[in-house]
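Here's the letter readout for the chains.
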Amino acid sequence: MAVDLEPLDQALETAHLPALSAALVHLTGETSWLRPEWRPTYTPLSRGETGVPEAEQAKMRAAAKAAITAYLTGKAPMAAIPSPEVLHQMMNFVAGADIPEGYGDFLTDELAIDGHSTKDPNWSTPELKAAARKLNVLVVGAGMSGLLAAIRLTQAGVPFEIVDKNPDVGGTWLENTYPGCRVDSSNHIYSYSFEPNHFWPQHFSTQPVLLDYFRGVAGRYDLKKKVRFETVVEEMAWDEARSVWKVRLKTPSGIEHVEANAVITAVGQLNRPRFPDIKGRESFRGPSFHSAEWRHDVDLTGKRVAVIGTGASAFQFVPEIVGKVASLSVFQRTPPWGFPVPHYHEDVPEGMNWLMEHVPFYDKWYRFWMFWMVTDGLLPMVTADPDWTGPTTAVSQLNLGFREMIAAAIAAQAPDRPDLVAKIIPTYPPGGKRALLDNGVWLDALKRDNVELVTDAISEVTASGIVTADGQARDFDVIIYGTGFHASKFLWPMKIKGRQGADLHETWAGDPRAYLGMTTPGFPNLFMIYGPNTNIVVNGSIVFFSECSVRYILGCLKLLAQTGAAAMEPKREVHDAFNIRVDEGNRLMAWGAPQVTSWYKNEAGRVTQNWPFALVDYWRATLAPDPKDFILTKSAELVE
Ligand code: NAP
């Protein structure tokens with residue numbers, strides 16, 4: 001059917017022109033779309049302004065209109081896939097930078113220009129297909145990562161079952177329904193690489209939209225029939241003799257036992273709400289709840305409300321509730337950094353979606369640009385200079401400049417309220433904690449007459465309200481805890497017993513570690529997605545990490561299938577050496593700085609959550625497992 005070209009003019013007005021130039025190289029085979037006068041220059045944290053003069057942009061749009069029209073009316077066929085050299089030129093052009101050596105493969109793979117990616121399982125030989133069918137995998141969790149694992153296991157032909165404690169798929173996007181909940185990585189990268197959505201309504205979509213997306217994917221891959229809902233893994237124990245995990249499930253109809261050759265945990269890092277240990281917390285007689293367990297039955301209209309915590313969740317729900325409450329007291333222990341992102345709540349222009357849908361490769365190059373701009377491109381800003389002798393509010397000269405830029409953007413939002421600005425500009429370096437996206441609504445909320453930002457420490461919760469360290473008692477009708485999650489307690493509260501009955505949590509002793517975030521010695525065939533040290537602070541989308549992890553885990557299962565081994569676990573020395581590297585890396589990042597406290601660190605102060613390196617490093621490290629890193633066992637016999 002002929003494409004209606006009427007929206008094209010308007011679409012070109014909204015286009016990210018460098019991404020469109022790259023798409024036009026595909027369409028026409030001409031590299032003249034990459035001419036120097038159209039090459040962008042970006043500023044940090046810009047929303048894509050290219051710095052290209054308007055007259056040049058107009059020329060580019062006119063040429064694009066002709067080329068797109070010719071293609072969509074069938075007058076010009078699609079050219080051949082560009083050579084690797086040309087692809088590299090296209091990357092440099094769209095990024096407005098010379099993409100460093102080593103990134104080419106990674107980004108080409110992420111784009112899947114020829115429709116293939118290293119992330120697609122390739123279990124094509126009859127031997128592998130037969131071996132795959134003998135495996136039996138249990139996936140724990142049907143959120144973003146669990147669904148992804150299920151898709152890849154299906155593609156590989158490996159039998160599996162998923163269990164999830166919830167009544168539906170979606171994980172975090174099912175559970176977090178607080179007002180204003182939305183993703184804070186752009187949707188064009190916070191989505192599976194192989195399941196693009198050309199119709200995101202907003203750049204950073206709201207929770208219902210995200211839930212719809214994941215439900216839609218589950219539907220397209222027919223995954224729901226593979227999920228046992230409202231089913232909780234209580235305990236799993238490795239059966240040494242038979243090389244299987246024996247798993248105790250709590251199901252709606254009682255306790256059940258199942259067995260699996262391998263278990264993939266996909267339970268997230270931010271799943272178990274954490275209430276603070278504040279004296280008297282239980283004594284409050286009004287409703288009180290956690291942001292991740294929002295009480296929609298509690299009408300906040302006209303109520304005196306307290307919010308404890310000013311992290312990512314509170315940053316989103318406070319501006320949403322402030323208009324209906326009688327009064328709001330926000331208790332802030334440490335202010336968050338909010339990076340200026342004016343379009344945070346804006347719709348994706350219709351024209352942009354039209355281009356994604358009708359101009360081949362535009363979506364891929366737009367995604368590429370996002371990847372580059374908001375991922376590894378930001379790392380230098382938050383990397384510590386080991387010789388830094390400047391103020392502890394920064395970790396390097398670059399970080400200090402970054403700090404001044406963001407602080408100025410915050411201060412500019414409230415020139416008449418220096419008192420408030422002084423309270424909300426953090427004293428720790430930017431990048432020390434998760435940076436939030438700031439379009440001004442947070443400060444607008446705090447500036448309202450019915451809102452008070454309390455920075456005195458909380459000493460007690462009483463039956464009627466909250467008492468602060470200065471002795472002041474405030475009465476409330478409702479208390480909302482935006483106090484985060486038990487992030488460091490990976491896989492808790494599951495009980496996991498590995499070789500010789502060793503308990504995983506006792507083994508970790510509050511300091512979870514894993515090789516590449518996925519495997520750990522003594523716990524064969526236990527594979528974690530979003531495990532220790534796989535969280536990212538500034539560089540990108542966790543969907544990318546999960547895709548890399550799942551590729552690697554499928555690689556591990558393939559290794560079992562190819563070798564006939566029954567079990568695999570990382571060698572202790574490989575695991576330990578990896579963790580030493582990770583610790584060294586984290587010490588050199590803003591979030592590892594000693595003056596920073598956050599959920600990224602465990603009680604001993606070690607960063608248990610974050611990946612300190614570039615995305616490309618994780619991509620490369622997880623291409624495929626190196627058999628030399630593992631102990632493979634067949635019954636009790638070594639298979640190396
Ligand atoms: P969070 O970032 O851990 O924030 C918890 C807040 O509670 C912090 O301000 C913390 O202060 C405060 N707090 C904790 N214990 C306290 C106590 N005893 N007294 C006073 N204040 C206390 O939790 P979150 O906001 O739920 O976010 C957690 C993570 O979830 C985020 O970092 C992000 O990765 C993810 N998230 C993402 C999105 C998104 O993508 N849109 C949205 C929400 C959450 P301190 O800083 O002093 O500890």
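Since we're looking at a predicted model, the values are computed, not measured.

K.L.:
Tell me what's going on with the sheet that holds strand β1 (residues 137–140), and back it up with residues and numbers.
P.N.:
Overall, parallel pairing links the five strands, which are arranged β3-β2-β1-β7-β19 in an open sheet. One side of each edge strand has no neighbouring strand; the edge strands of this open sheet are β3 (227–228) and β19 (526–528). Note that strand β7 (residues 262–265) and β19 share three bridges and pair parallel. Looking at the pairing, Ile-264 lines up with Phe-527 of β19. Packing of helix α7 (residues 144–156) onto the sheet brings it into contact with β1, β2 (160–163) and β7, and relative to β2 it is tilted by some 170°. Across the sheet, helix α17 (residues 542–563) is in contact with β1, β7 and β19; its angle to β19 comes to roughly 165°.

K.L.:
So what about the site of the ligand? Which residues, and what values?
P.N.:
Taken together, 23 residues form the shell around the ligand, and within it Arg-182, Asp-184, Ser-313, Thr-334 and Lys-433 come nearest. Between the ligand and Lys-433 there is a distance of 2.7 Å, counted from an oxygen atom to a side-chain nitrogen or oxygen. At 3.3 Å from an oxygen atom of the ligand is found a main-chain nitrogen or oxygen belonging to Gly-482. When the ligand sits alone it has 900 Å² of accessible area, and the protein chains cover 85% of it. Take the shell around the ligand: its biggest share by element is three residues, from helix α10 (residues 312–321).

K.L.:
Requested: an account of the nonpolar core, with residues and values cited.
P.N.:
Leu-20, Ile-68, Trp-123, Leu-328, Tyr-362, Trp-365 and Ile-480 are the most contacted members of the largest nonpolar core, which totals 179 residues. The greatest single-element share of this core, amounting to 14 residues, is contributed by α17. With residues near it in sequence (within four places) discarded, Trp-365 still touches Ala-19, Ala-22, Ala-23, His-26, Leu-87, Met-90, Met-91, Val-94, Leu-111 and Ile-113. In this structure, Trp-238, Leu-249, Leu-526 and Met-528 belong to the second largest nonpolar core, which totals 23 residues.

K.L.:
Describe in detail the domain arrangement of the chain, supporting the description with residues and values.
P.N.:
When its domains are assigned, the chain resolves into domain 1 (8–118 + 350–376), domain 2 (126–272 + 487–638) and domain 3 (281–343 + 381–481). Between domain 2 and domain 3, the C-alpha centre-to-centre distance is 31 Å. On the side of domain 3, 28 residues touch domain 2, which itself brings 24 residues to the contact. When domain 2 packs against domain 3, the two sides together hide about 2,200 Å² of surface, and 58% of this comes from carbon and sulfur. Looking only at domain 2, the three residues that lose the most surface to domain 3 are Tyr-178, Pro-179 and Asp-184, adding up to 26% of its buried area. Counting every contact that joins domain 2 to domain 3 gives one salt bridge.

K.L.:
Residue-level account of helix α6 (residues 126–134), with values.
P.N.:
Leu-128, Ala-131 and Ala-132 are the residues of α6 that are buried. Projected down its long axis, α6 shows its buried positions confined to an angular sector of 105°, all on one face. Opposite the buried face of α6, by more than 90 degrees, sit the exposed residues Pro-126, Arg-133 and Lys-134. On its buried face, α6 sits against α7 and α17.

K.L.:
Go over the pairing of strand β15 (residues 465–468) with me, naming the residues and quoting the values.
P.N.:
With three bridges connecting them, strand β14 (residues 458–461) and β15 associate as antiparallel partners. Directly across from Glu-460, in β15, lies its bridge partner Val-467. Hairpin connection from β14 to β15: three residues lie between these consecutive antiparallel strands. Here three bridges tie β15 to strand β16 (residues 473–475), and the two strands are oriented antiparallel to one another. Bridging across to β16, Val-467 finds its partner in Ala-473. Between β15 and β16, which follow one another and run antiparallel, lie four residues, and Gly-471 among them has a positive phi close to 90°.

K.L.:
Tell me about helix α4 (residues 84–95), and name the residues and values.
P.N.:
When the terminal C-alpha atoms of α4 are compared, their 16 Å separation across twelve residues agrees well with the 16 Å that a helix rising 1.5 Å per residue should span. Regarding α4, the residues found buried are Val-86, Leu-87, Met-90, Met-91, Asn-92, Phe-93, Val-94 and Ala-95. Of the surrounding elements, those touching the buried residues of α4 are α2 (17–28), α5 (103–111) and α12 (362–374).

K.L.:
Break down the sheet that holds strand β18 (residues 495–497) for me, with residues and values.
P.N.:
Taken in spatial order, the four strands make up an open sheet running β6-β5-β4-β18, and their pairing is mixed. Each edge of the open sheet carries a strand with a single partner, namely β6 (254–260) and β18. Each strand of the sheet is rotated relative to its neighbour by a mean of 15°, with strand direction disregarded. Pairing of strand β5 (residues 244–251) with β6, which is carried by seven bridges, proceeds in the antiparallel orientation. Within β6, the residue paired with Thr-251 across the bridge is Gly-254.

Each value, and the rule that gives it
Residues numbered from 1 in each chain as written. Predicted model: local features only at pLDDT ≥ 70, side-chain atom pairs only at ≥ 80, totals over all residues. Heavy atoms only, no water. Pairing = 2+ DSSP bridges. Helix = DSSP H or I, 4+ residues; strand = E, 2+ residues; numbered from the N terminus. Contact = heavy atoms within 4.5 Å. Axes fitted to C-alpha atoms, helices over the stretch in contact; angles between N-to-C directions. Near = heavy atom within 4 Å. Polar contact = N/O pair within 3.5 Å; in protein donor to acceptor, adjacent residues only side chain to side chain. Areas by Shrake-Rupley, 256 points an atom, 1.4 Å probe, with all protein chains shown as cover. Core = buried A, V, L, I, M, F, W, Y, C linked by side-chain atoms within 4.5 Å. Buried < 20%, exposed > 50% of the residue type's maximum accessible area, 1.4 Å probe, protein only. Domains from an automatic or database assignment. Buried area = accessible area lost by both parts, 1.4 Å probe. Salt bridge = Lys/Arg side-chain N within 4 Å of Asp/Glu carboxyl O. Arc of directions from axis to C-beta. Expected span 1.5 Å × (residues − 1).

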